[in-house]
Amino acid sequence: MKVALNLLQLSPGRTEGVVTYVRQLASLLPVAMGSDQLIILQQPGLDLGLIDAKNITTINVERPNLFFRLIGRGMMLLGFNSPFAYKNRVQSLIDRNKIDVVHYPFSSMPPEDLGLNVKMVLSVMDLQHEYFPELFSAIELKSRQAIYLKSAERADAIISISEYTKQTIVEKFKIPATSITTIPLAGDTSSTPKRVAGLPKDYMFFPAADWHHKNHMKLLEALRELKSNGFEGKLVLTGNRSEKAKIIHTKITELGLADDVLDFGSVSFDELAYIYSKAKMLIYPSRFEGFGIPPLEAMSIGVPVACSNTTSLPEIVGDAADTFDPDSVQAICASIKKVWSDESYR
């Protein structure tokens, strides 16, 4: 059997949780597949640090530039054929390489792929836009609403990354539970940590992109409250940064926390492992997670965890973390103080 892992939606340089997922898929599927063949479809320049395996083939596929891709996607969402789609190129690759199944690991399929003549498996990370539509721009929300449902309906099989995510797919998309298989994610920390200069002696760590649902603001308010009561620890942040980062940095200044918060932004896989290893605890106040890899990664190397008690996180951490209401500054403060200060509890 020949299985294609379609990574054409992944631009080189991205580092969030779904990249951990695809890196593990690309590295471990060749081992699990035995004599079967894995074919990776990717954009030129993508480097996942893959193992060298005889049954893995990588094919670089140039995508249309963003301008033409957006025009083409808009036309297809409105029901028109797009002259800018790369559907025919992908179908040609499928036919020429005699691919049996294509796996899409990004919660949706490109609209132009919905008509491909091949078996499709879709991994769904989350349906956050169905529960917090206010966190998305009008254009992004409309795009997600249009393509996520169509992708789920087109898929021959669906993989959910948690039982929570499976329940949301059944609830929102009316997909039969029997068509969905839950396969939890795994943490993935580098075995060759790279030293990061400038880390404080004692700090809690929050690795997350600057998306609003990650809840940086409530965490910063909690840190200010702790500081006013004598807390001496620091907060280290990492993660992809966009124009939204200005809001976080302005808040840090407004709360008088400039000396207490260090934001390293995007760091390498090896640097991330080093920051994890030196942290006194992981703090994870996210309001919504389809899974939540960082708490799992922290626990895997013995770093105590305090995290939200919402969505998938209780399922992931079980009784191995202290949990709190992410909308309550006082609850966040109490959890941090307990995990930071109580050695026997840690």
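Because the structure is predicted, anything quoted here is derived from the model rather than measured.

*Asks:* So what about the overall build of the protein? Which residues, and what values?
*Replies:* Helix and strand counts for the protein come out as 12 helices and 13 strands. The globule rule puts the C-alpha radius of gyration for 346 residues at 20 Å, and the 21 Å found for the protein is close to it. The principal-axis extent of the C-alpha atoms belonging to the protein is close to 65 × 45 × 40 Å. Buried residues in the protein amount to 51% of all 346 residues. Considering only residue pairs separated by 6 or more positions, the protein has 65% of its internal contacts joining residues 24 or more positions apart. Surface summary for the protein: the accessible area is close to 16,100 Å², and the carbon and sulfur share equals 52%. Here the protein holds 37 positive side-chain charges and 39 negative ones, and the gap between their average locations is 4 Å.

*Asks:* Pulling in residues and values, what's your account of helix H5 (residues 138-154)?
*Replies:* For H5, with 17 residues, the first-to-last C-alpha span of 24 Å sits near the 24 Å given by 1.5 Å per residue. Here H5 has its buried residues at Leu 141, Arg 144, Ile 147, Tyr 148, Ser 151 and Ala 152. Buried residues of H5 fall within an arc of 155° about the axis and therefore sit on the same side. More than 90 degrees from the buried face of H5, the exposed residues found are Ala 138, Ile 139, Lys 142 and Glu 153. Structurally, H5 contributes buried residues whose contacts are with strand S5 (119-124), helix H4 (128-131), strand S6 (157-160) and helix H6 (163-173).

*Asks:* Report on the sheet that holds strand S10 (residues 261-263), specifying residues and quantitative values.
*Replies:* Within a beta sheet, neighbouring strands are joined by backbone hydrogen bonds and run either parallel or antiparallel to one another. Across the sheet, which stays open at both edges, the 6 strands sit in the order S10-S9-S8-S11-S12-S13 with parallel pairing between neighbours. Two strands in the sheet have a free side with no partner beyond their single neighbour: S10 and strand S13 (322-324). Adjacent strand axes in the sheet meet at a mean angle of 20° when their direction is disregarded. Pairing of strand S8 (residues 203-207) with strand S9 (residues 234-238) involves 5 bridges; the strand directions are parallel. Within S9, the position partnered with Phe 205 by the bridge is Val 236. Running at roughly 165° to S9, helix H7 (residues 216-227) makes contact with S8, S9, S10 and strand S11 (281-284) of the sheet.

*Asks:* Requested: an account of the sheet that holds S6, with residues and values cited.
*Replies:* Pairing is parallel across the open sheet formed by 7 strands, whose spatial order is S3-S2-S1-S4-S5-S6-S7. Looking at strand neighbours, the two that pair on one side only are strand S3 (56-60) and strand S7 (180-182), the edges of this open sheet. Here the average twist between neighbouring strands, direction ignored, is 20°. With 5 bridges connecting them, strand S2 (residues 37-42) and S3 associate as parallel partners. Counted as the bridge partner of Gln 42 is Asn 60 from S3. Contacting S5, S6 and S7, H6 runs over the sheet at an angle of about 165° to S7.

*Asks:* Give me the lowdown on helix H10 (residues 293-300), citing residues and values where you can.
*Replies:* For H10, every residue scored as buried is listed here: Ile 293, Pro 294, Pro 295, Glu 297 and Ala 298. Gly 302, located one to two residues past H10, shows a positive phi value of around 80°.

*Asks:* Account for the side chain of Asp 260, naming residues and giving values.
*Replies:* With respect to the secondary-structure elements, Asp 260 resides in the loop between helix H8 (245-254) and S10. Judged by its relative accessible area of 11%, Asp 260 is buried. Look past the residues within four positions of Asp 260 in its chain and what remains in contact with it is Leu 223, Lys 227, Lys 234 and Leu 235.

*Asks:* Can you lay out the pattern of salt bridges for me, pointing to particular residues and giving the numbers?
*Replies:* Scanning the model with the defined rule gives 11 salt bridges in all. One salt bridge in this structure joins Arg 287 and Asp 327, with 3.2 Å as the shortest N-O distance. Taken as a pair, Arg 287 in the loop between S11 and H10 and Asp 327 in the loop between S13 and helix H12 (329-341) lie far apart in primary sequence, 40 residues in all. On the accessibility criterion, Arg 287 (22% relative accessible area) is partly exposed.

*Asks:* I'd like a rundown of the packing of aromatic side chains, residues and numbers included.
*Replies:* Each pair of aromatic rings is reported with the distance of its centres and the angle of its planes. All told, the structure shown has 6 aromatic pairs when counted by the stated rule. Pairing Tyr 131 with Phe 288 gives two aromatic rings, centres 6.0 Å apart and planes at 35°, and the pair type is tilted. A residue pair is termed long-range when its members are at least 10 positions apart, and Tyr 131 in helix H4 and Phe 288 in the loop between S11 and H10 qualify at 157 residues. According to the relative accessible area criterion, Phe 288 is buried, its value standing at 2%. Seen in terms of ring centroids, Tyr 164 and Phe 288 are 5.9 Å apart; in terms of plane orientation they differ by 70°. Their pairing is edge-to-face.

*Asks:* Which residues make up unusual backbone geometry, and what values go with them?
*Replies:* Despite not being glycine, Ser 107 has its phi angle at roughly 75°, a positive value. Mapped onto the elements, Ser 107 comes out in the loop between strand S4 (101-104) and S5. Of the residues examined, Ser 107 reaches a relative accessible area of 5% and is grouped as buried. A positive phi angle is found at Thr 311, which is not glycine, with a value near 45°.

*Asks:* Account for the packing of H7 against H8, with residues named and values stated.
*Replies:* The geometry of H7 relative to H8 is characterised by a closest axis approach of 10 Å and an angle of 15° between their N-to-C directions. Taken together, the axes of H7 and H8 lie roughly parallel to each other. At the point where H7 passes H8, the crossing takes the right-handed sense. Residues His 216, Met 217, Leu 220 and Glu 221 of H7 form the contact with H8, whose own contacting residues are Ile 247, Ile 248, Lys 251 and Ile 252. Grouping the amino acids of the contact of H7 with H8 by side-chain chemistry returns 5 nonpolar, 1 polar and 2 charged.

Parameters and conventions
Residues numbered from 1 in each chain as written. Predicted model: local features only at pLDDT ≥ 70, side-chain atom pairs only at ≥ 80, totals over all residues. Heavy atoms only, no water. Helix = DSSP H or I, 4+ residues; strand = E, 2+ residues; numbered from the N terminus. Rg over C-alpha atoms; globule rule 2.2 N^0.38 Å. Buried < 20%, exposed > 50% of the residue type's maximum accessible area, 1.4 Å probe, protein only. Contact = heavy atoms within 4.5 Å. Areas by Shrake-Rupley, 256 points an atom, 1.4 Å probe, with all protein chains shown as cover. Lys, Arg positive; Asp, Glu negative; His and termini not counted. Charge placed at Lys NZ, Arg CZ, Asp CG, Glu CD. Expected span 1.5 Å × (residues − 1). Arc of directions from axis to C-beta. Pairing = 2+ DSSP bridges. Axes fitted to C-alpha atoms, helices over the stretch in contact; angles between N-to-C directions. Salt bridge = Lys/Arg side-chain N within 4 Å of Asp/Glu carboxyl O. Phe/Tyr/Trp six-rings, centres within 6.5 Å; stacked < 30°, edge-to-face > 60°. Parallel < 35°, antiparallel > 145°, perpendicular 65-115°, else oblique. Left-handed = near helix turned anticlockwise from the far one by under 90°. Nonpolar A, V, L, I, M, F, W, Y, C, P; charged D, E, K, R; others polar.

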